[in-house]
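Listed below are the residues making up each chain.
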Amino acid sequence: MNEIKLFSPATVANVSCGFDVLGFCLDSIGDEMVIRKTVEKGIRITKIEGYDLPFEVEKNVAGVSALAMYEAAKPDCGFEIEIYKHIKPGSGVGSSSASAVGSVYGMNVLLGNPYSKTELTAFAMKGEAVASQSEHADNIAPALFGGFTLVKSLEPLEVLQIPTPSDLFAVVIHPQIEIKTSDARKILPEHISLKNAITQWSNVGSLIHGLHTNDYDLISRSLKDVVVEPFRSQLIPGFEDIKKAALENGALGTGISGSGPSVFSLCKSDSTAEKVEKAIRETYQNQHIPFEIYVSKINLDGIKLLNEN
Ligand code: HSE
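Source: prediction; values computed, not measured. (Residues numbered from 1 in each chain as written. Predicted model: local features only at pLDDT ≥ 70, side-chain atom pairs only at ≥ 80, totals over all residues. Heavy atoms only, no water.)

1. Considering a nonpolar patch on the surface
- Taken together, the side chains of I187, F231 and L235 present a nonpolar region at the surface, about 220 Å² in accessible area.
- Among the structural elements, F231 can be located in helix α8 (residues 229–232). (Patch = residues over 30% accessible without salt bridge, like charges linked within 9 Å, V, L, I, M, F, W, Y side chains within 5 Å. Areas by Shrake-Rupley, 256 points an atom, 1.4 Å probe, with all protein chains shown as cover. Salt bridge = Lys/Arg side-chain N within 4 Å of Asp/Glu carboxyl O. Helix = DSSP H or I, 4+ residues; strand = E, 2+ residues; numbered from the N terminus.)

2. Here's the deal with the pattern of salt bridges
- Summed over all chains, the structure comprises 15 salt bridges.
- For K126, the salt bridge goes to E135, with nearest N and O atoms at 3.2 Å.
- Among the salt bridges present, the one from E248 reaches K244, with a minimum N-O distance of 3.2 Å. A residue pair is termed a helical-turn pair when its members lie 3 or 4 positions apart in one helix, as E248 and K244 do in helix α9 (residues 239–248) at 4 residues.
- The exposure class assigned to K244 is exposed, which follows from its relative accessible area of 52%.
- Shared partners join several salt bridges into a network, and the residues in it are E3, R36, E80 and E82. (Buried < 20%, exposed > 50% of the residue type's maximum accessible area, 1.4 Å probe, protein only.)

3. Focus: the environment of S265
- Relative to the assigned elements, S265 resides in strand β9 (residues 263–268).
- Given the relative accessible area of 0%, S265 is considered buried.
- Note: C-alpha distance between S265 and G250 (15 residues apart in sequence) is 9.9 Å.
- The contacts of S265, once residues within four sequence positions are left out, are F169, A170, V171, A246, A251, G253, T254, V276 and I280.
- Within the structure, S265 has its side chain in polar contact with the side chain of T254 (distance 2.8 Å). (Contact = heavy atoms within 4.5 Å. Polar contact = N/O pair within 3.5 Å; in protein donor to acceptor, adjacent residues only side chain to side chain.)

4. Focus: the environment of I83
- Topologically, I83 is positioned in strand β4 (residues 78–84).
- Taking relative accessible area as the criterion, I83 reaches 1% and is therefore assigned buried.
- Measuring from C-alpha to C-alpha, the distance between I83 and G50 comes to 8.5 Å, with 33 residues separating the pair along the chain.

5. What to know about the packing of helix α1 (residues 61–73) against helix α2 (residues 95–110)
- Between α1 and α2, whose axes approach to 7 Å, the crossing angle comes to 35°. Crossing of α1 against α2: the hand is right-handed. From α1, V61, A62, S65, A66, M69 and Y70 reach across to α2, where they touch S96, S99, A100, S103, V104, M107 and N108.
- Counted by class, the contact of α1 with α2 contains 8 nonpolar, 5 polar and no charged residues. (Axes fitted to C-alpha atoms, helices over the stretch in contact; angles between N-to-C directions. Left-handed = near helix turned anticlockwise from the far one by under 90°. Nonpolar A, V, L, I, M, F, W, Y, C, P; charged D, E, K, R; others polar.)

6. Concerning the site of the ligand
- All residues in the neighbourhood of the ligand are listed as A13, N14, F19, D20, H136, D138, N139, T181, R185, R232, G258 and S259.
- R185 has a polar side-chain atom sitting 2.6 Å from an oxygen atom of the ligand.
- Broken down by class, the residue content of the shell around the ligand amounts to 2 nonpolar, 6 polar and 4 charged.
- Split by domain, the residues of the shell around the ligand number at least three in each of domain 1 (3–162 + 299–308) and domain 2 (168–297). (Near = heavy atom within 4 Å. Domains from an automatic or database assignment.)

7. What about the domain arrangement of the chain?
- Domain boundaries in the chain define domain 1 (3–162 + 299–308) and domain 2 (168–297).
- Taken together, the contact pairs 31 residues of domain 1 with 39 residues of domain 2.
- Taken over both partners, the interface formed by domain 1 and domain 2 buries close to 2600 Å², and the fraction arising from carbon and sulfur atoms is 61%.
- Of all residues in domain 1, S16, C17 and F19 bury the most surface against domain 2, accounting for 23% of the area lost on that side. (Buried area = accessible area lost by both parts, 1.4 Å probe.)

8. Observations concerning the pairing of β4
- Counting buried positions along β4 yields 7 of 7 residues, so the element is predominantly enclosed.
- What you see with β4 is no split at all: G78, E80, E82 and Y84 on one side and F79, I81 and I83 on the other are buried throughout.
- The pairing of strand β2 (residues 22–38) with β4 spans 7 bridges and is antiparallel. Considered in β4, the bridge of T38 is made with G78.
- Pairing geometry for strand β3 (residues 42–49) and β4, over 7 bridges, is parallel. Residue I43 lies in a different strand from β4, and its bridge partner there is F79.
- Assessed by its sense of winding, the connection that carries the chain from β3 through α1 to β4 is left-handed. (Pairing = 2+ DSSP bridges. Right-handed = clockwise from strand over helix to strand, strands pointing away.)

Shown next, in the form of C-alpha cells:
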C-alpha cells in the first residue's frame, strides 16, 4: 500500500465545563486528505484545496505534525500530503487538529501502524501548537479516538475514552466570523476564584458520570461553564440568543465549541436536535451574520480511511 485517502473529522472541544481536556467527535463535517509514500525522502505538501493555507511544511499544521512523526520514525521513504479542506480555519470545530491528525494517522497506516493513537496524539499536538500557540489535545484526541475523550494529562500524555449515550446528537451553528484560538486564549484570566473552580470541577465530574450512566438529566445539569464562557461569549454576536433558543426547545445544554465562534448544543434524540436546529436558525437570522448550521451524530469512530491503493 503506497497511498491512502482519509476523512479527518471536525470536533467540539471543551464541552462547556472541560476547558482544554474534554472533547467529542462530529460526523457530518471533516477534511479529506491523501497521504502518499514517496521514494524521495522528506515531507512535501503537494495540494491544498478549499482554503488558503501555507504549502511550507514548517508553517502548515499538517506538515509540522508530519515532521514530528517523521523525525521520530526515521523511515526509509518520504511522504506527500494532499489536503482537501472543508473545515474553515478559525471556526471552532477543530480545523487545525483535523489537519494535524490526518497527516500522522495516514503516515502511520502506510508505515504499518507502528504508533498507538496516544503517540499519534503527541505528534499531532506539535502541529496544533502552530495554530493555537499552546499545546492541548482536546480536539486532537476525539478526532483520533472518536466519541468523547478526556485528556487526563499532557505529561505523561494520557487520553481516556468516555462512553457516548446512544441517543445523543449535536447541533452546531457556525457564524461566519473568524476567531483565532490564540486570540481567544489571550482574553482568559490567569487566575480563577476557588468558588468557580469548585463549580467547574463538580460539573466535569458529573458530566463524565452522566455519560457513563446514560443520565441525560445529569448531563444537562453539568453542561455549564463558569470559567471560560463569561469571557469568550462576548466575542460571539448573539451567543445568549442561541443558548436561549436551544434550551427553550429542549437542548440538554449549549456552549462555545472550542474557542468559538461555533456554538454547540447537545440534545437527546434526533427529533429534538432537529427542533433545536430550526429554533436557532430562526433566531440567528436576526443577527444578519451569515451562518451554517448542522445536526450531527456523535462520531464514535473518529478518523477513518476512505480507500487505499
Ligand atoms: N481548548 C482549546 C481552547 C480548544 O478552547 O482554547 C481550541 O483549540
